Amino acid sequence: MALKIKTQKAQNVPMTPTFKAILLYSVMSDWTQDDTLLSEECITRMKRGLSVVGVEATPVAVRKDVAGPLREFDPREYVVFNWAEGLDGAPNAYDAVPPVLEELGFAYSGSDAWTLNASLDKAYTKKVLLENKIPTPVSKVYDRAVLNGWRRYPALVKPATEHCSFGITREAVVDTPQQLKERIQYVLDTWHCPALIEDFIDGTEYNVSVWGNGDEAQVLPISAMDYSAFPDYHDRLCTFDAKWNPESEAYRLTAVQCPALLDKTLKRRIERVALATYKALRLRDYGRVDMRVRNGVPYVLDVNANPDITMEGGFARSSRAAGYDYGQMTARILSLASHRMPNGSKA
């Protein structure tokens, strides 16, 4: 992987954007009141942050119809910040939104439909990584609870087409063939998708945020998730609670350090693997690659083509460590997307 590494360093972000932004976000009919309030708060924060750096932003909510609410906007003047994480009734339909935006002529932030779909399918992601000689844990996909020769334990069992750590609990780490069969059946019955089994790598998890395009892609300061507070390796996981539930023990005891304390050799290895992954999955504008290390080798666990971009999220944490506040971070992502505008203003 002969890639030139560019690490984003702390700096101010002078920019005089001449485009306007649309903040496109999903609204789901099954949301609770808390879900709705959280979404509205996130949009308000992003709009406020963009205003501070001189970007006029208009929030636009979508349920099932993406095109309708956008017809009044001119693609030569507006860039879409694509924060629509699905459609009402199809919350995983990330890939349904970009084709509509392209048909309407909008430049939009983030990856296209192919990458969003490819990175959601963990088995296909593994295939792309292996084809590009990028280290990733040994794995196998099961659509029924017949083990067919799996002998690596402990093993981690994931829903093959879910995201946000759905299905990742301490029970997902299995130690015996019987536990493995039971967990595969659980995934099949609960998540209605195949189960991805992979060799479990214990230890610190590294979240590597990358932004930019082509040869200009840059690695932001790396975050390290330290699970040493958990004596049992079954708990040393980035579970749903560890990510999203501040009331949980998993959230409270998982220490996050950014920038991570890494020796230069390992840091460069992690950066090289992250950039190679970003390129192989054709990520665009921004993304995140999650890894663990065994015997000095960084192994890719997951690829996030649309990572959490809220103020409390990992990507914002890394960009802050590089010297970007929330508004500057969002404006930079929009600026990258603006270079794909059909005509008109580009930053």
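Refer to the preceding data block for the structure.
All of these numbers come straight from a predicted model, not from anything done at the bench.

Chemist: What is the right way to read the pairing of strand 8 (residues 195-199) from this model?
Modeler: If a strand is regular, its side chains alternate between the two faces of the sheet. Burial of strand 8 is extensive: five of the five residues sit out of reach of the surface. Relative to strand 8, strand 5 (residues 139-142) is paired through four bridges, and the arrangement is antiparallel. Looking at the pairing, valine 141 lines up with leucine 196 of strand 8.

Chemist: Explanation requested: unusual backbone geometry in the structure shown.
Modeler: What you tend to see is this: most non-glycine residues have negative phi, and most peptide bonds are trans. The linkage connecting tyrosine 153 with the following residue, proline 154, adopts the cis geometry, with an omega of 0°. In this structure, proline 154 sits in the loop between strand 5 and strand 6 (155-159). The step from cysteine 258 to proline 259 runs through a cis peptide bond, and the omega angle for that step is 5°. One can find proline 259 in the loop between strand 12 (255-257) and helix 8 (264-280).

Chemist: Looking at this structure, how should I read helix 2 (residues 97-104)?
Modeler: In an α-helix there are 3.6 residues to a turn, and that puts residues three or four apart on one side. Of all the positions in helix 2, only Val97, Pro98 and Leu101 are classed as buried. Down the axis of helix 2, the buried side of the element spans an arc of 95°, and every buried residue falls inside it. Close packing links the buried residues of helix 2 with strand 1 (20-26), strand 3 (78-83), strand 4 (107-108) and helix 3 (113-120). Directly after helix 2, the chain includes glycine 105, whose backbone phi takes a positive value near 90°.

Chemist: For this particular structure, what's the right way to read the sheet that holds strand 5?
Modeler: Sheet strands line up and pair through hydrogen bonds in the backbone, either parallel or antiparallel. Ordered in space as 5-8-6-7, the four strands form an open sheet in which the pairing is antiparallel. In the strand order of this sheet, the two ends are held by strand 5 and strand 7 (173-174), each with one partner. Bridge count between strand 6 and strand 7: two bridges; the pairing is antiparallel. Residue alanine 155 lies in a different strand from strand 7, and its bridge partner there is valine 174. Sheet contacts for helix 4 (residues 122-131): strand 5, strand 6 and strand 8; angle to strand 8, the most-contacted strand, approximately 45°. Lying on the sheet, helix 5 (residues 177-191) is in contact with strand 5, strand 6, strand 7 and strand 8; it crosses strand 6 at an angle near 10°.

Criteria and cut-off values
Residues numbered from 1 in each chain as written. Predicted model: local features only at pLDDT ≥ 70, side-chain atom pairs only at ≥ 80, totals over all residues. Heavy atoms only, no water. Buried < 20%, exposed > 50% of the residue type's maximum accessible area, 1.4 Å probe, protein only. Helix = DSSP H or I, 4+ residues; strand = E, 2+ residues; numbered from the N terminus. Pairing = 2+ DSSP bridges. Arc of directions from axis to C-beta. Contact = heavy atoms within 4.5 Å. Axes fitted to C-alpha atoms, helices over the stretch in contact; angles between N-to-C directions.

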